[in-house]
Amino acid sequence: MKKTLTANINGTVFHIEEDAYDTLQRYLANIRAQFAGTEGRDEIMSDIEARIAELFNERLDGRSQVVTLADVEHVATIMGQPEDFADGEPAAGPDSAPEERGAPAKRTYKRFFRDPEDKWVGGVLGGLGAYIGMDPLWLRVAMIILVLASVGVLIPIYILLWILVPMADNAPDRLQMRGEPVTVENIKRVVEEGAERVKDGSTRMANEAKDIGKDWKRDAAQRKSQA
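This text gives an overview of the structure that appears in the document. Keep in mind that what you see is a predicted model, and the values were worked out from it rather than measured. (Residues numbered from 1 in each chain as written. Predicted model: local features only at pLDDT ≥ 70, side-chain atom pairs only at ≥ 80, totals over all residues. Heavy atoms only, no water.)

**Side note on the packing of aromatic side chains**
Taken as a whole and assessed by the stated rule, the structure comprises three aromatic pairs. Centre to centre, the rings of Phe112 and Tyr131 are 5.9 Å apart; their planes meet at 35°, and the pair counts as tilted. Of this pair, Phe112 sits in the loop between helix H3 (69–79) and helix H4 (124–132) while Tyr131 sits in helix H4, placing them 19 residues apart in sequence. Here Phe112 falls in the partly exposed class, since its relative accessible area comes to 25%. Taken together, a centroid distance of 6.3 Å and an interplanar angle of 75° make the contact between Tyr158 and Trp162 edge-to-face. Of this pair, Tyr158 and Trp162 both sit in helix H6 (residues 154–164), separated by four residues, roughly a single helical turn. In this structure Tyr158 comes out as buried when scored by relative accessible area, which is 13%. (Phe/Tyr/Trp six-rings, centres within 6.5 Å; stacked < 30°, edge-to-face > 60°. Helix = DSSP H or I, 4+ residues; strand = E, 2+ residues; numbered from the N terminus. Buried < 20%, exposed > 50% of the residue type's maximum accessible area, 1.4 Å probe, protein only.)

Dropping the structure here:
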């Protein structure tokens, strides 16, 4: 008989054996320590916990009500060990990911999401392009041509997909949309890429605003000199 605890992981409540709970706590604490000083650490940890909760649900699948130590070790194997990405590069060793130890890699399945980072209207075609491996630009061109050719049925289909297909709101969703393994290292990379895009966008907007200000001052000075 083992003592069980209740753990809330990303909003989902799990019953978890005490030794499994302690192991999970150490695992998450080690990951958080590896990301000390990393920009977006809280977002990374939130996405990691979301993926862990998803894996626990898949692992239990109604067959069990309690998370065991074996379940936690299984999840850690999929997600990767903290020391594997301590210096930004996967480490070789007994705790490396399965594919690095010569074991078969877990197959990754793509999921259809709307892409918030590549969208014109709703992100449906951006997500579809990622799902089928096609540049969304060509899908948009085809959509425009078919709409102009009065194939009006496409518009209701697009609106229906916009309603039914979820948005890739976090790093695990974006990785699954691309068919990439949802590991701690990949989650970190996706979050950092998103932060870099936001930073670049803010810098570009600031530069554009600065240029507009300069143009306005120059035009104002020219009008004043002509007056």
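**Digging into the nonpolar core**
Within the largest apolar cluster, 31 residues are counted, with the highest numbers of intra-cluster contacts made by Leu24, Tyr27, Ile48, Ile52, Phe56, Met79 and Ile187. Put simply, the parts of the chain that give this core at least two residues each are strand E1 (4–9), strand E2 (12–17), helix H1 (18–34), helix H2 (41–60), H3, helix H7 (171–178) and helix H8 (184–226). Beyond its immediate stretch of four places on either side in the chain, Ile52 contacts Leu24, Tyr27, Leu28 and Val75. Counting five residues, the second-largest nonpolar core is a separate cluster that includes Val124, Leu125, Leu139 and Met143. (Core = buried A, V, L, I, M, F, W, Y, C linked by side-chain atoms within 4.5 Å. Contact = heavy atoms within 4.5 Å.)

**Structural notes on the packing of H1 against H3**
Running from N to C, H1 and H3 cross one another at 25°; their axes reach a closest spacing of 8 Å. One element, H1, and the other, H3, form an angle in the roughly parallel class. For the pair H1 and H3, contact is made by Asp19, Ala20, Thr23, Leu24 and Tyr27 and by Leu69, Val72, Ala76 and Met79, respectively. Among the residues making up the contact of H1 with H3, the classes are represented as seven nonpolar, one polar and one charged. (Axes fitted to C-alpha atoms, helices over the stretch in contact; angles between N-to-C directions. Parallel < 35°, antiparallel > 145°, perpendicular 65-115°, else oblique. Nonpolar A, V, L, I, M, F, W, Y, C, P; charged D, E, K, R; others polar.)

**A few points about the packing of H1 against H2**
The N-to-C vectors of H1 and H2 enclose an angle of 150°; their axes lie 11 Å apart at closest approach. Comparing their axes, H2 and H1 come out roughly antiparallel. In this structure, H1 crosses over H2, and the sense of that crossing is right-handed. Here Leu24, Tyr27, Leu28, Ile31 and Arg32 of H1 lie close against H2, whose contacting residues are Arg41, Asp42, Met45, Ile48, Glu49, Ile52 and Phe56. Split by residue class, the contact of H1 with H2 holds eight nonpolar, no polar and four charged. (Left-handed = near helix turned anticlockwise from the far one by under 90°.)

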